[in-house]
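Listed below, chain by chain, are the residues.
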Amino acid sequence: MAQSTSSARAPLPLNEEMTRVTIRNLVGRVEAVAMVVQGFAILSTINVDQLSGAGRTLMYCLTALHIGAAGVTARVGGPFFHGGSWPFLWLAAILAAPLLMAFLVPSGNYGVSPACPQLCGYSAPPVAIVAFYPWVGKNFNYLNAGPKAALISLTSIEPLVIELLFNGRITKDNVQGLIAQTFIVVGIWAAGEAIGRICRRAAAAQAETLRREYDRQFGYLHSDIETSLRLVELHYRDDEPRRVLGALNDLKNTVLDERLALTLAQDVISVADVIRLHVRRMRGRLDFVSVPSVDVISLPQEKGRLLSQALGDLLKNCLVHGGHRVEIEFWVDDQDIAHLQVCDDGPGFDASTLDNPLTSLNALRRRAVAAGGDLRKVPGPQPACLRLALPIRQPK
């Protein structure tokens, strides 16, 4: 019933907020990097092009301005992130750069190189950002194809227009430089579009993952929680208190299992949470003589899951083999080795059981050894006493 209801639910829509958050997480403060790249482009122009003393001073000031703006952007976000008029001011700057260079270089020298007009790489970073950002600002004001095509056209053709105005003619070198400029702009644009597609696909995958998790939670609530509550209600009406307590205990274990699953899904797992949840799950069936009061100690996910499996298996073995009294200890030695020791009053076992590949204890020991630790039998206050050792940090 729960499965059919879950499968009939519509998938989560790929909303704008999720897309925006995903792009920001994947790309980060790329606008700050773009400003740094522009700053280096200006420095390259200072070293290559023939500029007067005043022109060089102006360009050094612009370089410092870009580096400073990059620092601010890294902390609070860039023009496209904040929206409003900021993106258009930045785009206006890349259109003003060729005109500025035409005034700074000697008369007739702008765009004379067939390689590329002066400061041609300055426009590349903002053009890439326009390509992969599907909006301008926080209100999702979308950039349609018209403004984007206009930006590419203006950035590519503008140097040729300036060469005609300032030099009075267009030469073969001017045309070759224009072609090089166009290749740069279009190539950067294509790279930005590719990044945008990757981000949108990542957002779609994130939405699908959320949908599956919602379906799992829906099934969990429907099949487990509602069923247990229904059983409690039925047994209460039938005046069967023992069955009511049994159904409530099943419900408690279901909730504890879900909490443990959520705990083990974390990148860093709390040892105290793992021990507390396992003890609560077995309380009433086992008598816990001692339970460690663990401080704030966490393990990486892989080792935290191994610790949880070991504790769960050892407590289950105690219950299966007739044990009742359990003592749990946990400590970390001065070599950053975490030790989990579980002792019970069961009939005990031979230490060679740990070397028998047909036993579950041997499988648990192999996992411990693979993680850099070990599982072994040790002398203890109870007949059966096992100790798991795990290094907290990865060996160098």
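See the structure above.
Would you mind showing me how to read the packing of aromatic side chains here?
Each aromatic ring pair is described using two quantities: the centre-to-centre distance and the angle formed by the ring planes. If you walk through the whole model with that rule in mind, you get two aromatic pairs. Measuring from centroid to centroid gives 5.1 Å for Phe103 and Phe166, while their planes differ by 90 degrees, and the two rings are edge-to-face. A residue pair is termed long-range when its members are at least 10 positions apart, and Phe103 in helix H6 (residues 86-104) and Phe166 in helix H8 (residues 145-167) qualify at 63 residues. Classification of Phe166 as partly exposed rests on a relative accessible area of 32%.

Is there a simple way to explain helix H4 (residues 53-76) in this structure?
The first and last C-alpha atoms of H4 sit 35 Å apart over 24 residues, in line with the 34 Å expected at 1.5 Å per residue. When H4 is considered as a whole, its buried residues turn out to be Gly55, Met59, Thr63, His66, Ala70 and Thr73. Contacts from the buried residues of H4 go to helix H3 (30-48) and H6. With its phi angle positive at about 100 degrees, Gly77 sits one or two positions after the end of H4.

What am I meant to see in the state of the cysteines here?
Note: disulfide means a covalent bond formed between the sulfur atoms of two cysteine side chains. Counted according to the given criterion, the structure contains two disulfides. Each sulfur of the disulfide joining Cys343 and Cys385 lies 1.9 Å from the other. Taken together, the residues span a long stretch of sequence, with Cys343 in strand E7 (residues 337-344) and Cys385 in strand E9 (residues 384-391) at a distance of 42 residues. Across the pair, Cys385 and Cys343 agree in class, each one buried. The connectivity of the disulfide-linked cysteines in the chain, indexed sequentially, is 1-2, 3-4.

Explain the nonpolar core here, please?
General note: in soluble globular proteins, nonpolar side chains tend to be found buried as a group. Core analysis: the biggest nonpolar cluster contains 32 residues, and Met59, Phe80, Met101, Leu119 and Ile129 have the highest contact counts within it. Of all elements in the fold, only H3, H4, H6, helix H7 (124-132), H8 and helix H9 (172-237) reach the threshold of two or more residues within this core. A per-element tally of this core places H6 first, with seven residues. In terms of nonpolar packing, the next biggest core, distinct from the first, is built from 31 residues, Phe288, Val326, Leu340 and Leu390 among them.

In this structure, what is going on with the side chain of Glu31? I would like to understand it.
Relative to the assigned elements, Glu31 resides in helix H3. Among the polar contacts made by the side chain of Glu31, one reaches the main-chain amide nitrogen of Phe80 at a distance of 2.7 Å. When near neighbours in sequence (up to four residues on either side) are disregarded, Glu31 contacts Thr73, Gly78, Pro79, Phe80, Phe81, Trp90, Ile129 and Tyr133.

Looking at this structure, how should I read the pairing of strand E6 (residues 325-332)?
Side-chain direction in a regular strand flips from residue to residue, so the side chains alternate between the two faces of the sheet. Of the pairings in the sheet, the one linking strand E4 (residues 287-290) to E6 comprises three bridges and is parallel in character. Opposite Ser290, over in E6, you have Glu327 as the bridge partner. Pairing analysis gives seven bridges linking E6 to E7, with the strands arranged antiparallel. Bridging across to E7, Ile328 finds its partner in Val342. In this structure, the hairpin formed by E6 and E7 is closed by a connection of four residues, where Asp336 is found at a positive phi of approximately 60 degrees.

Could you clarify how one ought to interpret unusual backbone geometry in this entry?
Trans peptide bonds make up most of the peptide bonds, and negative phi angles are found at most residues other than glycine. Of note, Leu119 is a non-glycine position whose phi angle comes to about 60 degrees, a positive value. Examined against the element boundaries, Leu119 turns out to sit in the loop between H6 and H7. When its relative accessible area of 13% is taken as the criterion, Leu119 is described as buried. In this model, Asp336 sits at a positive phi of 60 degrees, which is unusual for a non-glycine residue.

In this structure, what is going on with helix H11 (residues 271-282)? I would like to understand it.
Helical geometry: 3.6 residues make up each α-helical turn, so side chains three or four residues apart lie on a common side. Compared with an ideal rise of 1.5 Å per residue, which puts 12 residues at 16 Å, H11 spans 17 Å between its outermost C-alpha atoms and is within 8% of the ideal. For H11, every residue scored as buried is listed here: Val271, Val274, Ile275, Leu277, His278, Val279 and Met282. Looking at the buried residues of H11, the elements they touch are helix H10 (241-264), strand E3 (268-270), E4, strand E5 (298-300), helix H12 (301-320) and E6. Between a side-chain oxygen at the N-terminus of H11 and the backbone nitrogen of Ala272 the separation is 3.4 Å; the capping residue is Ser270. Once H11 finishes, Gly284 follows within two positions and takes phi at roughly 105 degrees, a positive value.

Procedures and definitions
- Each chain has its residues counted from 1, following the order in which its sequence is written.
- Where local features are concerned, this predicted model is filtered to residues with pLDDT of at least 70; where side-chain atom pairs are given and counted, the filter is 80 or more; whole-chain, interface and lining totals use all residues.
- Calculation of side-chain values draws on the structure's entire complement of heavy atoms; hydrogens and water are dropped beforehand.
- Aromatic rings from Phe, Tyr and Trp, taking only the six-membered ring of Trp, are treated as a pair when their centres fall within 6.5 Å; an angle between ring planes under 30 degrees marks them as stacked, one over 60 as edge-to-face, and anything in between as tilted.
- Numbering goes from the N terminus for both helices and strands, where a helix is a DSSP run of H or I of at least four residues and a strand is a run of E of at least two.
- Only protein chains enter the accessibility calculation, which uses a 1.4 Å probe; a residue is then buried when its area is under 20% of its type maximum, exposed when over 50%, and partly exposed in between.
- Expected span, for any helix, means 1.5 Å times one less than how many residues it has.
- Between two residues, a contact is recorded if the distance between any of their heavy atoms is within 4.5 Å.
- Disulfides are defined in this document as cysteine sulfur pairs within 2.5 Å.
- Among buried residues, the Ala, Val, Leu, Ile, Met, Phe, Trp, Tyr and Cys ones that are joined through side-chain atoms within 4.5 Å form a nonpolar core.
- Counting of polar contacts relies on pairs of N or O atoms within 3.5 Å, with two restrictions inside protein: one atom must be capable of donating a hydrogen and the other of accepting it, and residues adjacent in sequence are counted only when both atoms are side-chain atoms.
- When DSSP locates at least two bridges between a pair of strands, those strands are taken to pair.

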